[in-house]
Amino acid sequence: MIFEPAATLFRQANNKSNIVDSQNDAPLRVNFDRQLKRLQQDVLRMGALVEKSCYLARQGLLEYDLEAAGKIRTQDKAIDALYKQIELNCVNIIALQSPVAQDLRLLSAIMQLVRDLERVGDYAKNLGDVALRLANYDNVPHMPRIRIMFDRCRALLATGLEALANLDGEMARNMSDQDDLIDADYHELYTLLTQETQVPGIVEPIVLLVLTIRHLERIADHATNVGKRVDYIVTGER
């Protein structure tokens, strides 16, 4: 179950406190744990939607699948709605359940984590818009190199979501190495694009590609943040 090690830690801590010594408090804890599990399921569902948006953006940009690119905006509305619901549920739990310190750690990390996922969804939507505009041009330069960067970003996001699903702190900590590769991709491609001399009159494709690599770089940063949130949930250390 998602976040199970953290939930177990919280239950052990609570068992030592005076708050849950009374049998009358046991149903409250059971209800709290159920609410946490629903939150956990919603977070993973949001992660799956975000991952699908990135896939659709890749299909639109690299495979010229304009139908896929056009679906992202609808998908993003579902992501935004789920983000708002998760955030509201976290606030309600904090306000109504009076969680102890360890529970607050989990809830605060979830609220930060879903914000990162929501931003990844926004950048995927922006990439879909870029794909629709680039479809008007032939022989767009440096696409094989952008393909490599895009696939690295998707792999990094998948790693973050896997670390989240398994609460794997070690996997989350190792994500920074992947992010460094994507940063290097960004700087290399930015140099290539801004020094491009074979521009036949219209510069919009170059501008759109600069936007593309910027969006990809930001996706990687937010995916790395997901890993940092997971590590915080597991270790309690920032």
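Along each chain, the written sequence defines residue order, and numbers are assigned to residues from 1. This being a predicted model, a pLDDT of at least 70 is required before a residue's local features are given, and a value of 80 or more before pairs of side-chain atoms are given or counted; all residues contribute to the totals for chains, interfaces and linings. With hydrogens and water excluded, all non-hydrogen atoms of the structure serve as input to the side-chain values.

The name an unreviewed UniProt entry assigns to the protein chain is Phosphate-specific transport system accessory protein PhoU, from the organism Romeriopsis navalis LEGE 11480. UniProt positions are given in the numbering used here, feature names are shortened, and annotations may be inferred rather than shown by experiment. Per its UniProt entry, the protein chain bears the Function (unreviewed entry) comment "Plays a role in the regulation of phosphate uptake."

Peer 1: Any chance you could break down the overall build of the protein chain for me, citing the residues and the numbers?
Peer 2: Secondary structure elements follow DSSP: runs of H or I of four or more residues count as helices, runs of E of two or more count as strands, with numbering from the N terminus. A tally of helices and strands in the protein chain yields eight helices and zero strands. In the protein chain, the order of α-helices and β-strands from amino to carboxyl end is α-α-α-α-α-α-α-α. A burial count over the protein chain gives 44% of its 238 residues as buried. In what follows, residue pairs with any heavy atoms lying within 4.5 Å of each other are defined as contacts. Long-range contacts, defined as pairs at least 24 residues apart, comprise 82% of the intrachain contacts of the protein chain with a sequence gap of at least 6. Relative accessibility decides the category of a residue: with a 1.4 Å probe and only protein chains considered, values under 20% of the type maximum give buried, values over 50% give exposed, and everything between is partly exposed.

Peer 1: Can you tell me about the nonpolar core, naming the residues and giving the values?
Peer 2: Each nonpolar core is a collection of buried residues, namely Ala, Val, Leu, Ile, Met, Phe, Trp, Tyr and Cys, held together in the definition by side-chain atoms within 4.5 Å. Ranked by internal contacts, the top residues of the largest apolar core, which has 64 residues, are Leu 61 and Ile 86. Secondary structure elements with two or more residues in this core: α2 (26–62), α3 (66–97), α4 (101–134), α5 (143–166), α7 (175–194) and α8 (204–235). Leu 61 has contacts with Val 130, Ala 131, Leu 134, Met 143, Ile 146, Phe 150 and Thr 212, leaving out every residue within four places of it along the chain.

Peer 1: Help me get a handle on the side chain of Asp 179, residues and values and all.
Peer 2: With respect to the helices, strands and loops of the structure, Asp 179 is situated in helix α7. There is no salt bridge for the buried Asp 179, and the closest opposite charge comes from Lys 228, which lies 6.9 Å off by N-O distance. Setting aside anything within four residues of it in sequence, one finds Asp 179 in contact with Leu 156, Ala 220, Asp 221 and Thr 224. Residues scored as positive are Lys and Arg, those scored as negative are Asp and Glu, and His as well as the terminal groups of each chain are ignored. Only one rule defines a salt bridge in this text: a Lys or Arg side-chain nitrogen within 4 Å of an Asp or Glu carboxyl oxygen.

Peer 1: Please give an account of the environment of Tyr 190 that cites residues and values.
Peer 2: Structurally, the position occupied by Tyr 190 is in helix α7. By relative accessible area, which is 38% here, Tyr 190 ends up partly exposed. For the pair Tyr 190 and Leu 209, spaced 19 residues apart in sequence, the C-alpha to C-alpha distance is 8.9 Å. Beyond its immediate stretch of four places on either side in the chain, Tyr 190 contacts Val 210 and Ile 213.

Peer 1: Residue-level account of the packing of aromatic side chains, with values.
Peer 2: Ring pairs shown here join Phe, Tyr and Trp side chains whose ring centres sit within 6.5 Å, with only the six-membered ring taken for Trp; geometry is labelled stacked below 30 degrees between planes, edge-to-face above 60, and tilted in between. In this structure the tally under the stated criterion is one aromatic pair. In our convention, an over-ring charge means Lys NZ or Arg CZ found within 6 Å of a ring centre and within 35 degrees of that ring's normal. Directly above the aromatic system of Tyr 123 lies the positively charged group of Arg 119, at a separation of 4.9 Å from the ring centroid.

Peer 1: For the pattern of salt bridges, give the residues involved together with the corresponding values.
Peer 2: Within this structure, the stated rule accounts for 16 salt bridges. Arg 133 is paired through a salt bridge with Glu 204; the nearest N and O atoms lie 2.4 Å apart. Of this pair, Arg 133 sits in helix α4 while Glu 204 sits in helix α8; the two residues are 71 residues apart in sequence, bridging distant segments of the chain. A relative accessible area of 44% places Arg 133 in the partly exposed class. Glu 204 gets classed as partly exposed once you look at its relative accessible area, which sits at 24%.

Peer 1: Kindly report on the confidence of the model for the protein chain, identifying the contributing residues and their values.
Peer 2: Confidence of the predictor in every single residue is expressed as pLDDT, which spans 0 to 100. Scored by pLDDT, the protein chain comes out at a mean of 88, with 88% of its residues at no less than 70. Confidence, read as mean pLDDT per element, is least for helix α1 (residues 4–15) in the protein chain (41) and greatest for α5 (97).

Peer 1: Which residues make up the packing of α3 against α4, and what values go with them?
Peer 2: Interaxial distance between α3 and α4 falls to 9 Å at its minimum, and their mutual angle equals 165°. The pairing of α3 with α4 is recorded here as roughly antiparallel in orientation. Crossing geometry of α3 relative to α4 is assigned as left-handed. Residue polarity is assigned by list, with Asp, Glu, Lys and Arg as charged and Ala, Val, Leu, Ile, Met, Phe, Trp, Tyr, Cys and Pro as nonpolar; anything else, Gly included, falls into the polar class. Grouping the constituent residues of the contact of α3 with α4 by class yields 18 nonpolar, two polar and nine charged. For helices, the fitted axis covers only the stretch in contact; all axes are lines through C-alpha atoms, and the angles between them, taken along N-to-C directions, range from 0 to 180 degrees. The scheme is simple: roughly parallel for angles under 35 degrees, roughly antiparallel for over 145, roughly perpendicular for 65 to 115, oblique for anything else. For a crossing to be left-handed, the near helix must be turned anticlockwise from the far one by less than a right angle; the clockwise case is right-handed.

Peer 1: Provide a residue-level description of the environment of Leu 96, including the pertinent values.
Peer 2: Tracing the backbone shows Leu 96 in helix α3. In sequence terms Leu 96 and Phe 32 are 64 residues apart; their C-alpha atoms lie 10.0 Å from each other.

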